[in-house]
Protein chains: 2
Amino acid sequence: MNKKQSNEPAVAEPVFVLVRPQMGENIGAAARAMWNFGLDRMRLVAPRDGWPNPRAVALASGAGRLLDHAGVFASTAEAVADCSHVFATTARNRGLTKPVMTPEHAMARARALRAEGQRVAVLFGPERTGLEKDDVAQANAIVTVPVNAEFFSLNLGQCVLLMAYEFARQGSEMPAETVAMAGAEWASHVEVEKLGDHYEERLDAAGFFFPPEKAASMKLSLRNMWSRMPLTRPDVQTLHGMLRQLLRKRDE
Amino acid sequence: MNKKQSNEPAVAEPVFVLVRPQMGENIGAAARAMWNFGLDRMRLVAPRDGWPNPRAVALASGAGRLLDHAGVFASTAEAVADCSHVFATTARNRGLTKPVMTPEHAMARARALRAEGQRVAVLFGPERTGLEKDDVAQANAIVTVPVNAEFFSLNLGQCVLLMAYEFARQGSEMPAETVAMAGAEWASHVEVEKLGDHYEERLDAAGFFFPPEKAASMKLSLRNMWSRMPLTRPDVQTLHGMLRQLLRKRDE
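Residues numbered from 1 in each chain as written. Chains lettered and ligands numbered in written order. Predicted model: local features only at pLDDT ≥ 70, side-chain atom pairs only at ≥ 80, totals over all residues. Heavy atoms only, no water.

Participant: Hey, could you run me through the packing of helix α1 (residues 24–36) of chain B against helix α7 (residues 156–171) of chain B in this one?
Facilitator: Each pair of packed helices gets described by two things: the angle between the helix axes and the distance between those axes. Residues and elements named next belong to chain B. Running from N to C, α1 and α7 point in directions that differ by 15 degrees, and their axes come no closer than 8 Å. Classified by the angle their axes make, α1 and α7 are roughly parallel. Relative to α7, α1 is oriented so that their crossing is right-handed. Contacts between α1 and α7 pair Asn26, Ala30, Ala33 and Met34 from the former with Leu156, Gly157, Val160, Leu161 and Ala164 from the latter. By residue class, the composition of the contact of α1 with α7 is 7 nonpolar, 2 polar and no charged. (Axes fitted to C-alpha atoms, helices over the stretch in contact; angles between N-to-C directions. Helix = DSSP H or I, 4+ residues; strand = E, 2+ residues; numbered from the N terminus. Parallel < 35°, antiparallel > 145°, perpendicular 65-115°, else oblique. Left-handed = near helix turned anticlockwise from the far one by under 90°. Contact = heavy atoms within 4.5 Å. Nonpolar A, V, L, I, M, F, W, Y, C, P; charged D, E, K, R; others polar.)

The structure is reproduced here in structure tokens:
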């Protein structure tokens, strides 16, 4: 990390450009939001309170490196000068004829462009007003988060978070579903079968399968319940133990 | 809305359960995050500062209705008593054998269960500590946001935001890409062809297609450029006008 001369890493990760951000706190929160998802290229256009900003640093805790490396530019055009594709996040098209994409589609495009070695930028507007028409006119496409038509209150940090999440989600190697095994192993089929035998036998002796004409279907339902349960070996031992202990207590 | 007797709407939207939340501000922010994506069923387990909480109301601006209707429960078990499927958001499995899902997969499950009329709950832990082992043990599955292994700083409101976004994204009817036309219409093929003729003719007269042996391929490239551009009728008129005006100035 310390060997780098340039202030941005060499990999073509998307650049997130905060255009005329107002509160230092929001710049810090945006840095944290990005770094949660492994994105670390931030650029700033004319931050209201100057740069560096101690309030941004205070809020960026742990993601301060992004601020150290953030480029500061006087205009949106300068901030994206070296980018071949620019996305503008806004809920309004500002009367411009322009493609409007979901975050999902835009970040899929961004990933495809990145794979081609293209440098992609995503613009985020100031807290109160959002991006101006002049900013949006410089983008290849608009990105709009599909929110509740009755209510829109995403702040700057939340917009950055959602875009960073979308970019990372689509490249995530985390399996959709796995099981944390906590040191246990799954019970084998025969272990579950023996558990079923144990319960069936004891319940039979206790007169549970009544009336006799329903016994067969009751036994089948019980077998089906055991096999539907994702049982570990310790679970099976526990269930055997429970049954033994209940009968021991009863028979004392 | 006012006719409802119960404090929750009849549609089986997922219930977001804030377990022992600490700051009223975060409860308000969670309400806003949910309502951005049309989710309005919030439940609270033993909020630290009691209930109702004026700081939550202040931060919920516009989403206050969620707080008015929020159920308050003494324990996690009571809060999810009527839910058939419970997801616990946590970055740690707490030593429990349990399925671990991405937000994407978990919310796909939630949508499928909702379509079957099932009531689904998503648990969110307190700000500093997250869900306890006792809470997680009551869930059918764990949901873990795939974040940067080096850095995790999602707060309560951000976790709620990401889960609400995922749920809404998967049900969104917003097209992946559309074009905001700003009152304009696309130019027809013949209009673009005539534009190409106009430029080719004037450029030819100006001696642009030089040397002669390259003229054909230069003309083809120019035709290809025009047809690659997504031109509206006003764009075509502007491009005709630009050319006419440039020549008029030149020939004055």
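Participant: Can you help me understand the interface of chain B and chain A in this one?
Facilitator: Where interface size is quoted, it is often the accessible area lost as the parts come together. Contacts between the two partners involve 49 residues from chain B and, on the opposite side, 49 residues from chain A. Between chain B and chain A, the buried area comes to about 4100 Å², and carbon and sulfur atoms account for 60% of it. For the chain B face of the interface with chain A, the top three residues by lost area are Asn36, Phe151 and Tyr165 of chain B, together amounting to 16%. Applying the counting rule to chain B against chain A returns 4 salt bridges. Among the salt bridges present, the one from Arg169 of chain A reaches Glu104 of chain B, with a minimum N-O distance of 2.9 Å. Here the residues of the side of chain B that touches chain A sort into 26 nonpolar, 16 polar and 7 charged. The pairing of strand β8 (residues 177–180) of chain A with strand β5 (residues 98–101) of chain B spans 4 bridges and is classified as antiparallel. (Buried area = accessible area lost by both parts, 1.4 Å probe. Salt bridge = Lys/Arg side-chain N within 4 Å of Asp/Glu carboxyl O. Pairing = 2+ DSSP bridges.)

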